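Observations on the model geometry
As a plain string of letters, each chain reads:
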Amino acid sequence: MFRVKILSKCAFRRKIRSRLVLGIETSCDETGAAVMDETGLILGESLHSQKEVHLKTGGIIPTVAQRLHRENIGRVVQEAMERSGVTQSQLSAVATTVKPGLALSLGIGLDFSLNFVKLHQKPFIPIHHMEAHALTVRMLQPVVFPFLVLLVSGGHSLLALARGIDDFLLLGQTLDEAPGDTMDKVARRLSLIKHPKCSMISGGQAIELLAQDGDRLKFLFKPPMGAHYDCNFSFAGLRNQVTMSIQKKEEEEGVEQGTLLSCVNDIAAATQHTVASHIAKRTHRAILFCKAKGLLPSCNPTLVVSGGVASNQYIRKTLKIVTDNTGLHLLCPPSKFCTDNGVMIAWNGVERLREGKGILSHTEEVNYEPKALSGLTRSETSTPHLTIGGSAGM
Ligand code: KG4
Ligand code: ZN
């Protein structure tokens, strides 16, 4: 069980003497801020989601995201500070996502943070968004390095071995789009925003909800990358198959695109199942690869799953089958810490502060990097290549 530590203001005023970090997140469509102490105690947090706006426009329009971040960042940071009872002068550092993400969104968080650290004379800690997702679990319970990490979100799909707070060995990544993106697009193509149960939730959440009452066997989609014995992902082909099935159904039912089909639950169930089983197969291969190469500890080897898609219970259950069969311990942070937030950025700042890594007192050279995947080092033991159920072809 995870325990999230949140301290009341009074207790804080009586007690705390540890270093304090303000974390700021604006890489995509959430404006988040949190103040945290060195032990991982959340002193105050605030989150503004843009999801509702982007759902209405059928996807994230970067200039709209930028405007909403700009409108909200001051208030969000102020709220987190006020809730924490901490003054600016008590902060030890400011940590902010600088990569990867939408350029226009990252820019708002970075500009705000650089002004803030200049004004209050604080050190700055640039944060890699995916590393922050990967390490959030350590805020909730002690997880020692190395561990295997699966990050699945709207922007990413990757498997890596976490060897240290800034040392990630990349084992596989998506070759086209991320699973959250695929599910968002399928949900849009199905016009799920018109569904009474789905008008206010993300595409991935809508797919999960509808799939509960669907029969996945009514639509059989070909699993992706069957002949590629590595740990990379691909979801675009699945999306094509789903789109073609939707078109066929629309023709059969004689309805226009944009009409809710009678079989949305079955399509959702089949899509979710194919996504889950693809993710599970690649993760299984990564586990076998790490075991064959002696990359995981023999005592309590762990798979950490995070990112927005990791809040999907069907995907979690599928991954549990894989970890149970391979003797790994499966850890998924609670949903609120799987999706984007300021807390995970503050925690990454704390981890860096503790180890004295990447703390900048001069910020002239700092910039954001929309495309940066690495930080994460590609596997130097060659691309993981294993035939599951057969011999290791490495
Ligand atoms: O990590 P996140 O908040 O933002 C990115 O960095 O992308 O992830 C958002 C993504 C969206 O694509 C959303 O549809 C997906 O995570 N998502 C889900 C679920 N909840 C959110 N996908 C599947 N099942 C869910 N329950
Ligand atoms: Zn994310």
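Structure first, text after, so check above.
The following refers to the structure shown. (Residues numbered from 1 in each chain as written. Chains lettered and ligands numbered in written order. Predicted model: local features only at pLDDT ≥ 70, side-chain atom pairs only at ≥ 80, totals over all residues. Heavy atoms only, no water.)

**A short note on the site of ligand 1**
The environment of ligand 1 is made up of 20 residues, and the closest members are Gly154, Asp184, Gly204, Glu208 and Gly308. One of the backbone nitrogen or oxygen atoms of Gly180 is found 3.2 Å away from an oxygen atom of ligand 1. Take Gly204: an N or O atom from its main chain is 3.0 Å from an oxygen atom of ligand 1. With the chains in place, 93% of the 550 Å² that ligand 1 exposes on its own is no longer accessible. Within the residue set of the shell around ligand 1, elements represented by two or more residues are α5 (129–135), α7 (179–189) and α8 (203–211). When grouped by side-chain class, the residues that make up the shell around ligand 1 number 3 nonpolar, 14 polar and 3 charged. Split by domain, the residues of the shell around ligand 1 number at least three in each of domain 1 (20–142 + 338–355) and domain 2 (147–335). (Near = heavy atom within 4 Å. Polar contact = N/O pair within 3.5 Å; in protein donor to acceptor, adjacent residues only side chain to side chain. Areas by Shrake-Rupley, 256 points an atom, 1.4 Å probe, with all protein chains shown as cover. Helix = DSSP H or I, 4+ residues; strand = E, 2+ residues; numbered from the N terminus. Nonpolar A, V, L, I, M, F, W, Y, C, P; charged D, E, K, R; others polar. Domains from an automatic or database assignment.)

**Examining the packing of aromatic side chains**
Given two aromatic rings, one states the distance between the centres and the angle between the planes to describe the pair. In total, this model carries 4 aromatic pairs according to the counting rule given. An angle of 15° between the planes, with centres 5.4 Å apart, marks the rings of Phe145 and Phe147 as stacked. According to the relative accessible area criterion, Phe147 is buried, its value standing at 0%. Judged by centre distance (6.2 Å) and plane angle (10°), the rings of Phe233 and Phe235 are stacked. Assigned by exposure class, Phe233 and Phe235 land together as buried. (Phe/Tyr/Trp six-rings, centres within 6.5 Å; stacked < 30°, edge-to-face > 60°. Buried < 20%, exposed > 50% of the residue type's maximum accessible area, 1.4 Å probe, protein only.)

**Examining the nonpolar core**
If you look at the biggest cluster of nonpolar residues, it comprises 52 residues, and the most contacted ones within it are Leu150, Leu192, Ile279 and Val305. A total of 13 residues in this core trace back to one element, the largest contributor, which is helix α10 (residues 264–292). Setting aside residues no more than four positions away along its own chain, Val305 makes contact with Leu150, Val152, Ala310, Leu319, Leu330, Leu331, Cys332, Pro333 and Cys338. In this structure, Val143, Phe147, Phe168 and Leu353 belong to the second largest nonpolar core, which totals 35 residues. (Core = buried A, V, L, I, M, F, W, Y, C linked by side-chain atoms within 4.5 Å. Contact = heavy atoms within 4.5 Å.)

**Some remarks on α10**
In a regular helix each residue adds 1.5 Å, so 29 residues correspond to 42 Å; α10 covers 42 Å between its end C-alpha atoms and thus fits that length. Of all 29 residues in α10, 23 are buried, a share of seventy percent or more. Of the residues trailing α10, Gly294 is marked for its positive phi of about 65°. (Expected span 1.5 Å × (residues − 1).)

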